[in-house]
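# Structural overview
Take a look at the letters that make up each chain.
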Amino acid sequence: MSTDYVIAGLLQGFLEWLPVSSSGQVMIALSLALGVPPSVALRIALALHIGTLFSAIIYYWREVLEGILNLHRWRSNTVAKLWLVATPFSLAIGYPLYRLYEEFIGDVPQDWIMLLVGIPLIVIGAAGYALGKTSWREEITDRDIVLLGIVQGTSVIPGISRSGVTIALLLFRGVNPLTAVRASFLAGIPAIGAAALYTIIVEGAFSSGSNALIGGLTALISGLASIWIVEWLAKRFNQYLFTLIIGVLLVVAGLIPLIF
């Protein structure tokens with residue numbers, strides 16, 4: 001029913017850019033609340049990334065345009081480098097992981113992994129804030145980009161938040177929160193698009209074009225709101241408080257499915 005896709009789109013778009021697993025939460029909502037088979041729910045959740053893809057393109061249209069125009073000079077443009085370096089690593093890791101997950105696990109989101117990421121962030125954020133440290137860097141290095149691509153590939157597994165683990169990685173490596181957020185979101189554009197197109201074209205995630213349109217539009221609108229919220233947090237709070245907030249959100253996201 002179209003209502004299912006409205007609910008799924010709203011959840012997918014809003015949660016995609018927060019440090020919680022959008023695919024995992026959408027999969028749980030569709031399966032438990034609406035009775036959609038888990039395997040179908042997973043494909044729908046991944047396909048709805050097409051809406052969140054366009055929310056990032058619209059929100060960061062200047063950076064996206066600059067990246068496209070500088071693809072031939074990618075070594076000197078951070079956005080182009082994020083796309084051309086991080087994406088191959090993400091695809092090389094993400095595709096086999098997705099196939100293995102479907103084959104051997106399938107119906108079980110792995111939200112508990114977020115606990116392993118969130119708890120160290122809480123410790124780092126709390127300790128840094130208490131000690132008053134301010135050693136954060138603004139630039140993204142080549143090593144950051146390669147590691148981001150590798151970590152991003154693991155987020156095809158429901159329960160692992162793409163934005164959560166990539167932002168966490170950059171925070172762990174001492175990158176300024178706003179820089180980390182923007183690098184994470186911009187790096188996700190090709191990977192998100194590839195995952196969405198694969199599930200739509202190859203696996204036929206949508207039963208009709210109208211369902212795809214409804215789900216995609218709601219995901220786009222809620223995605224724009226979600227990006228604004230995360231950027232606001234990154235600007236509003238200092239580096240360690242932001243790290244602490246991200247850590248708490250990751251832990252909460254990991255605990256909710258275990259409790260309920």
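Overview of the structure. Note that the structure is a prediction, hence the values are computed from the model and not measured.

Reading guide: rules and limits
- Residues numbered from 1 in each chain as written.
- Predicted model: local features only at pLDDT ≥ 70, side-chain atom pairs only at ≥ 80, totals over all residues.
- Heavy atoms only, no water.
- Salt bridge = Lys/Arg side-chain N within 4 Å of Asp/Glu carboxyl O.
- Helix = DSSP H or I, 4+ residues; strand = E, 2+ residues; numbered from the N terminus.
- Buried < 20%, exposed > 50% of the residue type's maximum accessible area, 1.4 Å probe, protein only.
- Axes fitted to C-alpha atoms, helices over the stretch in contact; angles between N-to-C directions.
- Parallel < 35°, antiparallel > 145°, perpendicular 65-115°, else oblique.
- Left-handed = near helix turned anticlockwise from the far one by under 90°.
- Contact = heavy atoms within 4.5 Å.

## Quick notes on the pattern of salt bridges
This model, assessed by the stated rule, comprises six salt bridges. The salt bridge involving D142 is made with K81; its shortest N-O contact spans 2.9 Å. With a gap of 61 residues between them, D142 in helix α8 (residues 142–153) and K81 in helix α6 (residues 78–104) connect regions that are remote in the sequence. The class of D142 is partly exposed, set by a relative accessible area of 48%. On the basis of relative accessible area, K81 is assigned to the buried category, the value being 15%. In this structure, K235 and E231 form a salt bridge, with 3.6 Å as the shortest nitrogen-oxygen distance. In this pair, K235 and E231 are both assigned in helix α11 (residues 209–236), four residues apart and thus about one turn of the helix distant. Among the ionic contacts, a cluster of salt bridges with common partners joins R137, D144 and R173.

## Examining the packing of α8 against helix α9 (residues 162–172)
What describes two packed helices is the angle between their axes and the distance between those same axes. As a packed pair, α8 and α9 sit with axes 9 Å apart at the nearest point and diverge in direction by 150°. By the angle class used here, α8 and α9 are roughly antiparallel. The handedness of the crossing between α8 and α9 is right-handed. When α8 is examined against α9, the residues D144, L147, L148, V151 and Q152 are found in contact with a partner set consisting of R162, V165, T166, L169 and L170.

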